[in-house]
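# Reading the structure
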Amino acid sequence: MNRLQLATLLSWAGDAGLQGRKRLQKVVFFLQEAGCPLDCKYTLHHFGPYSRDVADRCDEMVAARLIDETVEPQNGVTQYAYSLKPATQALLANKQDRNLEPFEELGKRLIDEKLWLLELGSTILLFYSQCPDWEKALNKACAFKKVDPNDWIRKALALAQQVKAQAGN
Amino acid sequence: MVSDKVFRDPLYNYIAFDRKRDGWLIDLLDCPEVQRLRRIHQLGVSNFTYPGADHTRLAHSLGVTHLMKLVLDHLERVSEAEKIKNARQALLATALLHDIGHGPFSHLFEPCLNINHEQWSIAVIRDENSSVNRVLRDQGKHLPIHVAELIDSDDKTHPAWQRALMSSQLDVDRIDYLRRDSLFTGAGYGHFDWHRLLTTIEFLNGETDLVWPAKSALAIEEYIFARYYMYQNVYLHKTTRGFEVLLQAMWKRADALRLDGTDINANPVLARFWKTDKPNPENLAVADYLSVEEFTVLEQIQRWTGHADKSLADCARRFLDRRGLAMVVPPPPPNPLEAHDFGEWEPALHRLLKVNGFEESSMYCLADRVKGKYRQPYREEKDTESQSAVNTIRVMVDDKPMAIGQYLPRLGAVISPPQDHVLYYVPKEIRNEAIKLSRQLRESANKPPT
């Protein structure tokens with residue numbers, strides 16, 4: 001993922017910015033699985049798919065003063081939020097990555113989605129990418145996240161399936 | 001009474017294997033695939049810059065095994081001994097074999113051959129025809145798989161502590177290569193209290209993750225600074241990087257000619273290697289991969305010195321004669337969001353090369369793009385919930401793990417994420433003109449629009 005791509009993705013989050021590093025990780029993962037050419041390497045980590053490429057690009061753009069990072073303690077845990085600086089918004093107005101346009105609607109929806117749904121859905125999708133069987137992927141994700149299958153998990157599965165279906169379109 | 005098997009080593013003085021307990025490691029060491037590591041330079045072409053940097057992957061692998069033994073002995077003493085004993089064989093073997101899939105000149109040549117050494121390390125260990133596989137199998141049916149899984153950075157089968165000892169932000173591999181590279185280059189930056197790091201490591205609340213006590217924080221700080229200095233002075237040295245990009249450009253040129261049907265006078269080993277477009281373990285036999293050695297590559301480069309393609313022959317000669325390219329800093333990119341687009345710079349540089357007789361200008365205008373992460377001595381995951389021994393070094397403060405960057409905020413100066421970095425390499429003959437060109441473009445970018 002290059003700077004232009006991350007800036008484009010954050011522009012979809014609007015002035016409120018994108019809330020949380022985990023959310024950023026999962027949104028990029030879903031977009032990639034939907035066919036968006038972001039080229040980030042993911043591995044299975046504590047909360048599902050995790051990419052050092054994403055974390056590095058984000059930190060690098062904060063250090064380059066292209067992105068604002070706000071830090072707030074929340075329930076004993078530090079919560080990060082990311083938004084574009086006004087100068088970066090101006091740069092983006094002159095230069096767009098057209099390859100990302102087809103994914104804007106999905107990206108916006110994912111940015112606003114519940115975090116746990118993103119976590120669980122992306123974990124299901126990661127297991128599915130290793131072995132294309134939805135039931136097996138669901139069971140593996142439930143075992144990994146230590147949860148029992150229920151209605152909410154079915155919602156996460158539906159989200160994973162919708163994203164995968166977009167890749168086929 | 002059986003005596004230890006002892007090796008002399010410039011870093012540790014003596015590396016000793018207890019024949020009764022770990023004697024089988026000597027059989028592993030004697031395998032041809034391990035002995036091949038004697039013929040791979042640990043630091044690629046850094047010896048073009050530091051003449052003493054001729055140490056090999058074998059000496060490093062032995063050093064890593066020694067450190068792994070020290071840390072396992074310590075953990076066995078201070079924690080659940082059975083847990084450590086059960087993993088001992090696999091971890092010592094992983095330490096000795098972790099680099100077994102490296103190709104000529106270590107990392108730098110991987111893009112030339114389009115290979116990934118980790119993938120090949122796993123393939124060599126899993127290959128039932130390999131000697132290392134046989135020695136491992138003699139110790140336990142599942143041992144080759146366990147070792148291959150520990151080397152695979154994507155594999156999470158085994159507990160985090162086993163993976164972290166071998167591959168993390170502070171592991172036995174990094175400790176050995178920092179100290180060894182420092183000693184052999186003579187750069188002298190790799191000093192830190194490594195013994196304290198290995199003998200104070202502990203399990204987090206008796207679980208599977210690893211941390212250090214706060215009293216080791218300064219040793220960790222020293223280690224991070226050692227990495228920082230080694231990156232600045234050795235690993236990213238401009239002369240070394242210049243030869244690396246020259247070698248890669250030469251190989252790219254040969255590939256283009258070869259794929260275009262031109263006879264590139266390939267030696268038999270490389271001719272066999274080049275029969276497949278994708279040289280991965282699915283398409284190429286392990287034995288054919290391992291037969292590509294540094295001397296194979298050097299012999300091939302010597303062949304190219306007489307090739308009809310002028311630029312291929314010239315680059316081959318430059319490489320062998322150590323007539324490198326000169327580094328030039330490009331002007332800043334016009335749009336910071338497109339950090340790799342330097343606008344007018346590259347076209348102007350190509351014109352300059354052609355005017356000066358370098359017709360195949362793409363061979364002499366070489367961009368060295370170093371990702372920020374390769375210039376960062378240590379990075380830690382900010383999100384506390386996502387931290388583990390693999391991605392963050394943590395010390396125990398008030399019975400809770402804390403990232404070292406948070407515990408020692410002064411580290412911020414060296415661990416803040418650097419930006420991607422691009423430098424250009426051109427023939428020394430046009431260096432001054434290229435520097436002038438870069439300056440002109442920089443100045444015109446700073447001028448307010450009229």
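Only a predicted model underlies this, so the values are computations on that prediction, with no experimental measurement involved.

What counts, and at which threshold
- Each chain carries its own residue numbering, running from 1 in the written order of its sequence.
- Labels are handed out in written order, letters beginning with A for the chains and numbers beginning with 1 for the ligands.
- The model is predicted, so local features are restricted to residues of pLDDT at least 70 and side-chain atom pairs to those at 80 or more, both for listing and for counting; the totals for chains, interfaces and linings are taken over all residues.
- To get the side-chain values, take all heavy atoms of the structure and skip hydrogens and water.
- We call Phe, Tyr and Trp rings a pair once their centres come within 6.5 Å, taking the six-membered ring for Trp, and we label the pair stacked below 30 degrees between planes, edge-to-face above 60, and tilted otherwise.
- In this text, helices come from DSSP runs of H or I with a minimum length of four residues, and strands from runs of E with a minimum of two, each type numbered from the N-terminal end.
- Accessibility here uses a 1.4 Å probe with only protein chains present; expressed as a share of the type maximum, an area under 20% marks a residue as buried, one over 50% as exposed, and anything in between as partly exposed.
- Sitting over a ring, as applied to charges here, requires NZ of Lys or CZ of Arg to be within 6 Å of the ring centre and within 35 degrees of the ring normal.
- Residue contacts follow a heavy-atom distance rule, with two residues in contact if any of their heavy atoms lie within 4.5 Å.
- Here, nonpolar core means buried Ala, Val, Leu, Ile, Met, Phe, Trp, Tyr and Cys residues that are tied together by side-chain atoms lying within 4.5 Å of each other.
- By convention, the term buried area covers the 1.4 Å-probe accessible surface removed from two parts as they join, with the contributions of both added.
- For salt bridges, the criterion is a side-chain nitrogen of Lys or Arg within 4 Å of an Asp or Glu carboxyl oxygen.
- Polar contact is defined as a pair of N or O atoms within 3.5 Å, subject to the rule that within protein one atom must be able to donate a hydrogen and the other to accept it, and that residues adjacent in sequence are counted only when both atoms are side-chain atoms.
- Residues were grouped as follows: Ala, Val, Leu, Ile, Met, Phe, Trp, Tyr, Cys and Pro as nonpolar; Asp, Glu, Lys and Arg as charged; and all remaining residues, including Gly, as polar.
- A pair of strands is considered paired only if DSSP assigns at least 2 bridges between the two.
- Residues scored as charged are limited to Lys and Arg (positive) and Asp and Glu (negative), so that His and the chain ends carry no count.
- Helix axes are fitted to C-alpha atoms over the stretch in contact, other axes to C-alpha atoms as well, and angles between N-to-C directions run from 0 to 180 degrees.
- Here roughly perpendicular refers to angles of 65 to 115 degrees, roughly parallel to angles under 35, roughly antiparallel to angles over 145, and oblique to all remaining angles.
- Handedness of a crossing follows from how the near helix is turned relative to the far one, being left-handed for an anticlockwise turn of less than a right angle and right-handed for a clockwise one.
- In this description, the term disulfide denotes a pair of cysteine sulfurs within 2.5 Å.
- Expected helix span is computed as 1.5 Å times (number of residues minus one).

### Topic: the packing of aromatic side chains
All names here are of chain B. For the coordinates displayed, the defined rule picks out 24 aromatic pairs over all chains. Note on phenylalanine 342 and tyrosine 424: the rings are 5.9 Å apart at their centroids and 90 degrees apart in plane angle, and the pair reads as edge-to-face. With phenylalanine 342 in the loop between strand 5 (326–328) and helix 19 (345–355) and tyrosine 424 in strand 9 (residues 421–426), this residue pair connects regions lying 82 residues apart in the sequence. Its relative accessible area of 0% is what places tyrosine 424 among the buried residues. The structure contains a cluster of three or more aromatic residues connected by ring pairs, namely Phe105, Phe109, Trp251, Trp274 and Trp304. Sitting above the plane of the phenylalanine 203 ring, lysine 83 keeps its charged end 3.8 Å from the centroid.

### Let's talk about the environment of isoleucine 224 of chain B
All names here are of chain B. Structurally, isoleucine 224 is set in helix 13 (residues 217–235). Here isoleucine 224 falls in the buried class, since its relative accessible area comes to 0%. Non-local contacts of isoleucine 224, meaning those with residues more than four positions away in its chain, are made with Pro377, Tyr378, Ile404, Leu411, Val414 and Ile415.

### Structural notes on the nonpolar core
The biggest cluster of nonpolar side chains holds 139 residues, and the ones touching the most others in it are Leu28, Met68, Leu165, Trp251, Trp304 and Ile404 of chain B. Beyond its immediate chain neighbours, meaning those up to four positions away, isoleucine 404 of chain B contacts Ala217, Ile220, Ile224, Tyr378, Glu380, Ile393, Arg394, Val395 and Leu411 of chain B. Trp12, Tyr82, Leu106 and Cys142 of chain A belong to the second largest nonpolar core, which has 57 residues in total.

### Examining the interface of chain B and chain A
Residue-level contacts link 25 residues of chain B with 31 residues of chain A. A buried area of about 2,500 Å², summed over both sides, lies between chain B and chain A, and 50% of it is on carbon and sulfur atoms. Counting across the chain B and chain A interface gives 7 salt bridges. Close ionic contact of arginine 379 of chain B with aspartate 56 of chain A constitutes a salt bridge, the shortest N to O distance being 3.1 Å. Here chain B is connected to chain A by 10 residue pairs in polar contact (both at pLDDT 80 or more). When its residues are assigned to classes, the side of chain B that touches chain A shows 5 nonpolar, 10 polar and 10 charged.

### Concerning the sheet that holds strand 1 (residues 18–19) of chain A
Hydrogen bonds along the backbone pair up the strands of a sheet, which may run parallel or antiparallel. Residues and elements named next belong to chain A. Reading across the sheet, the 3 strands line up as 1-5-4 and stay open at both edges, with antiparallel pairing between neighbours. The open sheet has two edge strands, strand 1 and strand 4 (67–74), and neither has a second partner. In terms of strand pairing, strand 4 meets strand 5 (residues 77–84) through 8 bridges, oriented antiparallel. Pairing of glutamate 69 across the sheet is with tyrosine 82, part of strand 5.

### Considering the side chain of arginine 36 of chain B
Residue and element names in this part refer to chain B. You can see arginine 36 is positioned in the loop between helix 3 (32–35) and helix 4 (57–78). Among buried Asp, Glu, Lys and Arg side chains, arginine 36 stands out as unpaired, with glutamate 293 the closest opposite charge at 4.5 Å. A distance of 3.4 Å separates the side chain of arginine 36 from the backbone oxygen of valine 292, its partner in a polar contact. Excluding residues that lie within four positions of it along the chain, arginine 36 makes contacts with Ile100, His102, Gly103, Tyr289, Leu290, Val292 and Glu293.

### Focus on the packing of helix 5 (residues 81–97) of chain B against helix 9 (residues 143–151) of chain B
Residue and element names in this part refer to chain B. Running from N to C, helix 5 and helix 9 cross one another at 60 degrees; their axes reach a closest spacing of 9 Å. In terms of orientation, helix 5 and helix 9 fall into the oblique class. Along this stretch, helix 5 crosses helix 9, giving a crossing that reads as right-handed. Residue-level inspection shows Gln89, Ala90, Leu91, Ala93, Thr94 and Leu97 of helix 5 in contact with helix 9, the latter providing Leu143, His146, Val147, Leu150 and Ile151. Per-class residue counts for the contact of helix 5 with helix 9 are 8 nonpolar, 3 polar and no charged.

### Structural notes on the pattern of salt bridges
Under the defined criterion, the tally for this structure stands at 40 salt bridges over all chains. The partner of aspartate 383 of chain B in a salt bridge is lysine 22 of chain A, with the nearest N and O atoms 3.8 Å apart. Here lysine 22 of chain A lies in helix 2 (residues 21–33) and aspartate 383 of chain B lies in the loop between strand 6 (366–370) and strand 7 (394–397), a pairing that spans two chains. Relative accessible area serves as the criterion here: at 5%, aspartate 383 of chain B is assigned to the buried category.

### What to know about the state of the cysteines
Here a disulfide denotes a covalent bond joining the sulfur atom of one cysteine to the sulfur atom of another. Throughout the structure, instances matching the rule amount to 0 disulfides over all chains. No disulfide involves cysteine 131 of chain A; its nearest neighbouring cysteine sulfur is the one of cysteine 142 of chain A, lying 15 Å away.

### Structural notes on helix 6 (residues 115–130) of chain A
All names here are of chain A. With 16 residues, helix 6 should reach 22 Å at 1.5 Å per residue; the first-to-last C-alpha distance of 23 Å fits that figure. With 12 of 16 residues buried, helix 6 is to be regarded as a mostly interior element. When we look at burial in helix 6, the residues that qualify are Leu117, Leu118, Glu119, Leu120, Gly121, Ser122, Thr123, Ile124, Leu125, Leu126, Phe127 and Tyr128.

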